[in-house]
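# A closer look at the structure
Here is what each chain is made of, one letter per residue.
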Amino acid sequence: MDVQVAAEKLALLEEAAYGIRRLSVEMITYGKWGHIGGAFSMAEILAVLYFHVMTVKPEAPDWDGRDRLVLSKAHGSPALYAALALRGYYAVDEIYTYCELGGFEGHTDMTRTPGLEASGGPLGMGLSVAVGMALAMRFKENPRARVFCILGDGETNEGNVWEAAMSAAHYHLDNLIAVVDYNKVMAKGFVWDEMAIEPFADKWRAFGWDVVEVDGHDLPALAAAFHRARWVMPRGRPVVVIAHTVKGRGVEMAEFNYKWHTHAPDPATADLMLRELARNYGREERGYSRLGEPEVKEDFYGGE
């Protein structure tokens, strides 16, 4: 089915993706830790989900009829924190509590941050949590709501992912939509060198899932893929959207570069990154908002 997205909505989604990338750099630089590569690769995915697909109420985060999103690749939390801020769950300035005591955790902590549905950290666990949520929604006879679970490609090396996949098919959870951020790069190299996962789509089909493959940076294609997954394809089988993405998409030095899997730029590098992002999006050039500020934060080990 060809689903058209209005030009105004596409402009909104592009602005959201830009904002997610920009805020991710800001908070990772300020917090001195984080995962830029994996945050950038799912910017369009989060933009389409939160600003087009998912039914949520930021003013009532626990509304029972909401869609749920579980970020299994919880190290990508800056992108999710940015999306939630832009969607109105909390003030944008709160992102600067990232990696501070009492602030937003480096990995998701649902007890601290409005809009988070699950805590994360150990990889391979999120799909199990999402299966439980989807099954509970089935018992509560909530047929419209969906559970979305974003996984990393390298994360699917873990056996628990496939146990959860088998369970979802067994219970016919067609209210569950897994989304794989297939950015091809893990912490120390390319997926096919560390632990190859192809033929990837065939694996999901073998476990009883329906599969949609899409360019994870193409906003109209993502919108159409999620429309199919949500409204057209449910037939007693869970659905996985395999989103082909680029690690570090949007900043040349980070693209397909495992060295930017876990790395916080210094303020000068962040300034260059944000100016490049602005140019790539055709926006007025803006650098790092805190460039030149006195360094008052303590580092991770307590020194100045």
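Residues numbered from 1 in each chain as written. Predicted model: local features only at pLDDT ≥ 70, side-chain atom pairs only at ≥ 80, totals over all residues. Heavy atoms only, no water.

### Comments concerning the overall build of the protein chain
Of the regular secondary structure elements, the protein chain holds 10 helices and 5 strands. Expected size for 304 residues packed as a compact globule is a radius of gyration near 19 Å; at 18 Å, the protein chain falls within 12% of this value. Seen through its principal axes, the protein chain has C-alpha atoms that stretch 55 × 45 × 40 Å. For the protein chain, the proportion of its 304 residues judged to be buried stands at 56%. Across the protein chain, every contact between residues at least 6 apart in sequence was considered, and the portion connecting residues at least 24 apart equals 75%. Summed over its atoms, the accessible surface of the protein chain is roughly 13,300 Å², and 53% of this surface lies on carbon and sulfur atoms. Charge centroids of the protein chain, computed over 31 positive and 43 negative side chains, lie 5 Å from each other. (Helix = DSSP H or I, 4+ residues; strand = E, 2+ residues; numbered from the N terminus. Rg over C-alpha atoms; globule rule 2.2 N^0.38 Å. Buried < 20%, exposed > 50% of the residue type's maximum accessible area, 1.4 Å probe, protein only. Contact = heavy atoms within 4.5 Å. Areas by Shrake-Rupley, 256 points an atom, 1.4 Å probe, with all protein chains shown as cover. Lys, Arg positive; Asp, Glu negative; His and termini not counted. Charge placed at Lys NZ, Arg CZ, Asp CG, Glu CD.)

### Focus on the packing of aromatic side chains
Centre distance and the angle of the planes are the two values used to describe a pair of aromatic rings. The tally for this structure, following the rule as stated, stands at 12 aromatic pairs. Aromatic pair tyrosine 18 and tyrosine 281: ring centres 4.9 Å apart, planes at 45 degrees, arrangement tilted. With tyrosine 18 in helix α1 (residues 7–31) and tyrosine 281 in the segment after α10 (267–280), this pair connects stretches of sequence that are 263 residues apart. In this pair, the class of tyrosine 18 matches that of tyrosine 281, namely buried. Here tryptophan 162 and phenylalanine 207 contribute two aromatic rings whose centre-to-centre distance is 5.1 Å and whose plane-to-plane angle is 40 degrees, an arrangement assigned as tilted. In this pair, tryptophan 162 is assigned in helix α6 (residues 159–170) and phenylalanine 207 in the loop between α8 (200–206) and β4 (210–215), connecting sequence segments 45 residues apart. Overall, tryptophan 162 belongs to the buried group, its relative accessible area being 13%. (Phe/Tyr/Trp six-rings, centres within 6.5 Å; stacked < 30°, edge-to-face > 60°.)

### A few points about the environment of arginine 235
Following the sequence through the fold, arginine 235 ends up in the loop between α9 (219–232) and β5 (239–244). With relative accessibility at 57%, the residue arginine 235 sits in the exposed group. The spacing of arginine 235 and glutamate 155 is 80 residues in sequence and 27 Å in space, taken between C-alpha atoms. Setting aside residues no more than four positions away along its own chain, arginine 235 makes contact with Asp174 and Asp210. In terms of polar contacts, arginine 235 uses its side chain to reach the side chain of aspartate 210, at 2.6 Å. (Polar contact = N/O pair within 3.5 Å; in protein donor to acceptor, adjacent residues only side chain to side chain.)

### Considering the sheet that holds strand β1 (residues 68–71)
Taken in spatial order, the 5 strands line up as β1-β2-β3-β5-β4 in an open sheet, and their pairing is parallel. Only two strands of the sheet have a single partner each, and these edge strands are β1 and β4. Across the sheet, the mean angle separating the axes of adjacent strands is 20 degrees when strand polarity is ignored. (Pairing = 2+ DSSP bridges. Axes fitted to C-alpha atoms, helices over the stretch in contact; angles between N-to-C directions.)

### Section: the side chain of histidine 217
As for its position among the elements, histidine 217 is in the loop between β4 and α9. Judged by relative accessible area, histidine 217 falls into the buried class, the value being 12%. When near neighbours in sequence (up to four residues on either side) are disregarded, histidine 217 contacts Arg21, Phe40, Ser41, Glu44, His244, Thr245, Val246 and Arg249.

### Examining empty space enclosed by the protein
In total, this model carries 2 cavities of 30 Å³ or more according to the counting rule given. Each pocket or cavity is described by its volume, and for the largest cavity that value is around 60 Å³. The wall of the largest cavity is formed by Tyr50, Met54, Val56, Pro61, Arg66, Asp67, Arg68, Leu69, Tyr89, Gly115 and Glu117. Approximately 30 Å³ is the volume attributed to the second largest cavity. Lining the second largest cavity are Leu69, Val70, Leu71, Leu80, Thr108, Leu116, Glu117 and Ala118. Considering each element in turn, the lining of the second largest cavity owes the most residues, 3 residues, to β1. (1 Å grid on protein atoms, 1.4 Å probe; cavity = no way out; pocket = protein on both sides within 12 Å on 5 of 7 lines; lining within 4 Å. Points joined across faces, edges and corners; volume = space filled by probe spheres on them.)

### As for the confidence of the model for the protein chain
Per-chain confidence: the protein chain averages 92 in pLDDT, with 95% of residues scoring 70 or above. This stretch, residues 296–304, has a pLDDT under 50; its non-local contacts, to residues over four places away or in other chains, come to 6 contacts. (pLDDT = per-residue confidence, 0-100.)

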